[in-house]
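The lines below spell out each chain.
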Amino acid sequence: MADTYYITTPIYYVNGEPHLGSTYTTTLADALVRYHRLFGQDSRFLTGTDEHGDKVAAMAAANGERPAELADRVSAIFRAAWPRFGIAPDDFIRTTEERHKRVVQKILQDVYNAGDIYFGEYGGLYCVGCERFYTEKELVDGRCPQHGTVPAYINEQNYFFRMSRYQSWLVDLLTAQPDVVRPERYRRELLAFLREPLEDLCISRPKSRLTWGITLPFDEDYVTYVWFDALINYVSALDYPDGELFARYWPGAEHLIGKDILKPHGLYWPCMLHAAGIPMYRHLNVHGYWTIGGFKGGKSDRAELREQEREEALRLFRDPIALADLLGVDGMRYCLLREMAFGSDLDFTRDLLVTRYNADLAHDLGNAVNRTVAMIGRYCGGVIPDPGQEFDVDRDLRDAACAAPGRVWAHVETMEPHLALDAAMDLAQRVNRYLEDKKPWTASKNGDAEGVATTLYYAAEALGIAASLLLPAMPTKMLELRCALGLDEQPPSAAGGWGYLEPGLPVAREARLFPTIER
Ligand code: MSP
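Residues numbered from 1 in each chain as written. Predicted model: local features only at pLDDT ≥ 70, side-chain atom pairs only at ≥ 80, totals over all residues. Heavy atoms only, no water.

1. Examining helix 1 (residues 20-38)
The end-to-end C-alpha separation of helix 1 is 26 Å, in line with the 27 Å expected for 19 residues at 1.5 Å each. Counting buried positions along helix 1 yields 17 of 19 residues, so the element is predominantly enclosed. At the exit of helix 1 stands glycine 40, carrying a positive phi of roughly 90°. (Helix = DSSP H or I, 4+ residues; strand = E, 2+ residues; numbered from the N terminus. Expected span 1.5 Å × (residues − 1). Buried < 20%, exposed > 50% of the residue type's maximum accessible area, 1.4 Å probe, protein only.)

As structure tokens, then:
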């Protein structure tokens, strides 16, 4: 295990509010940092807002607001939103903060002094929505492929970052450390971009056109291009260059992003780091997109239903609080993280998540917990029983429970969060099968008190371990579950270890953690 872990999300533009996409990314980062802490790693989690640039300036103008007002208002909305999803970042950075501006200017000056920034003239087709120039080849019928708008031709003098110089360095790096970008398909995508010449990056905007940005330290008449500004948040939040936080956490840097911003993170940022003499991040973790397409492959005579389903999906996508109301905060967290295979796109519908919730949480985990707690009440006086002799079937469950933390951790380390949750949930499913096999209700009728005690002790132990392993996804509900098993409210410091339940501990009379949701 590496020494420290530092997970970041993209910093979100303040021209929009949190939606399901940004909520997914931020929830996943939160679950990851909780996993790393559960397994004993010194960890830190950063999110924030990206507040400069054309887009924000244009939106503020349209609202009749000053850009700084808009930024303050919307940044506060993001900051207040995350706790409502059980998300607890260690720091929240805004690109309008002094601590950030200072570092952007320092890095610009360092790179300039090193000779990697030059002044030149550039004419090209510029899309305001994307905040970037496009080549003719990249346009679709003369329009921006993202926004469908016709980009304006702009010719101006600007500063350029000599990124072309780092092309072969970057190719070598992506080849020598194949998992630096994961999953693999995104590394291949970057290598495909790098088969074309890497062009220098225009990193300034003249103040005659845009004033809402960080002034270049070597030319008062220009502000910094928003991406060159924004990427630096990952180190400015650690007080680069001299901060204790930087020394401690940068070696453990893990970026989490959606596939839409692969290029800036996979091409510009490594070159910027290299030019500034900062070591490369450890991993770039890229997830896919939640899409809204309604039923795929539905029958054509169901068009009306399809339209309803699509409308509902759109409503929930735009208003993730409504989704949390539907599934509960923890239910929503689990279903989002469990349902999306990391790296792939997924079509979002209400039904998709409700089906997952009912199957895994209400049915599998819920049943295992309800039955175990209720039977401890009925047969063992409501306290954790003293286990008796262990037979093969008991040992199988114990082995599975002891192996579960290792299986979960392996998937966390290889950035397959959906499989980590699957491995944790597998344990709860095993408890149900174990109870079916052992039939403590029959053993009780037959007067086999020792057998009943062993079975219910083993079921409770295994569920306690499952609760620890699911805790990063469902922090509140899994603490409730642990309390129902008689444990205290302290979050577990390390997952696993059989035999931590003390016979005689009182358990809850019932534990209805996940009521079934109507489809
Ligand atoms: N400000 C830049 C990022 C700068 S990072 C130095 C930006 N902001 S954004 O507000 O547009 O956020 C983009 C991110 O939001 C995506 O990378 C992803 O994390 C998340 N998502 C936005 N829509 C999404 C989906 N439909 N599905 C999944 N994630 C999505 O880009």
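2. Some words on the sheet that holds strand 11 (residues 215-216)
The antiparallel open sheet is built from 3 strands, whose spatial order is 10-12-11. Where the open sheet ends on each side, the last strands, each with one partner, are strand 10 (204-206) and strand 11. Across 2 bridges, strand 11 lies against strand 12 (residues 219-224) in antiparallel orientation. Bridging across to strand 12, threonine 215 finds its partner in valine 223. (Pairing = 2+ DSSP bridges.)

3. Considerations on the confidence of the model for the protein chain
Put simply, the protein chain has an average pLDDT of 95, and 97% of its residues get 70 or more. Confidence drops under a pLDDT of 50 for residues 295-299, and excluding neighbours within four residues, the segment shows 6 contacts in the predicted structure. (pLDDT = per-residue confidence, 0-100. Contact = heavy atoms within 4.5 Å.)

4. Re the side chain of glutamate 51
With respect to the helices and strands, glutamate 51 occurs in the loop between strand 3 (42-50) and helix 2 (54-63). At 3.4 Å, the side chain of glutamate 51 and the side chain of serine 75 are in polar contact. Discounting residues that sit within four places of it in the chain, glutamate 51 has contacts with Val14, Val56, Ala71, Ser75, Arg94, Thr95, Thr96 and Trp212. (Polar contact = N/O pair within 3.5 Å; in protein donor to acceptor, adjacent residues only side chain to side chain.)

5. Some points on the side chain of arginine 356
Position of arginine 356 relative to the elements: it lies in helix 14 (residues 350-380). Since its relative accessible area comes to 19%, arginine 356 is described here as buried. Reaching out from arginine 356, the side chain makes a polar contact with the side chain of glutamate 339 at a distance of 2.6 Å. Setting aside residues no more than four positions away along its own chain, arginine 356 makes contact with Tyr334, Cys335, Arg338, Glu339 and Leu361.

6. Remarks on the nonpolar core
In this structure, Trp290, Leu365, Leu470, Met474 and Met478 are the most contacted members of the largest nonpolar core, which totals 106 residues. No other element matches the 13 residues that helix 18 (residues 449-470) contributes to this core. Among all residues touching methionine 478, those that are not within four sequence positions of it are Leu365, Ala467, Leu470, Leu471 and Phe514. Among the nonpolar cores identified, the runner-up in size contains 63 residues, and Leu46, Phe228, Ala253 and Trp269 belong to it. (Core = buried A, V, L, I, M, F, W, Y, C linked by side-chain atoms within 4.5 Å.)

7. Digging into the packing of aromatic side chains
One pass over the structure, following the stated rule, counts 27 aromatic pairs. Between tyrosine 357 and phenylalanine 514 the ring centres are 6.2 Å apart and the planes differ by 80°, which places this aromatic pair in the edge-to-face class. Placement of the pair is tyrosine 357 in helix 14 and phenylalanine 514 in the segment after helix 19 (475-484), with a sequence separation of 157 residues. Grouping residues by exposure puts tyrosine 357 and phenylalanine 514 together as buried. Ring-pair connections join several aromatic residues into one group, and the members of that group are Tyr6, Tyr234, Tyr240, Phe246, Trp250 and Trp269. Above the face of the phenylalanine 514 ring, lysine 477 is positioned so that its terminal group lies 5.8 Å from the ring centre. (Phe/Tyr/Trp six-rings, centres within 6.5 Å; stacked < 30°, edge-to-face > 60°. Lys NZ or Arg CZ within 6 Å of the ring centre and 35° of its normal.)

8. Some points on the site of the ligand
Taken together, 23 residues surround the ligand, and among them Ile11, Thr25, Asp50, Asp260 and Trp290 come closest. A distance of 2.7 Å separates an oxygen atom of the ligand from a polar side-chain atom of threonine 25. Protein burial of the ligand: of its 670 Å² of free accessible surface, 91% is covered by the chains. For the shell around the ligand, the elements supplying multiple residues, two or more each, are strand 2 (12-13), helix 1, helix 7 (226-231) and helix 8 (233-236). Residues that form the shell around the ligand fall into these classes: 12 nonpolar, 9 polar and 2 charged. (Near = heavy atom within 4 Å. Areas by Shrake-Rupley, 256 points an atom, 1.4 Å probe, with all protein chains shown as cover. Nonpolar A, V, L, I, M, F, W, Y, C, P; charged D, E, K, R; others polar.)

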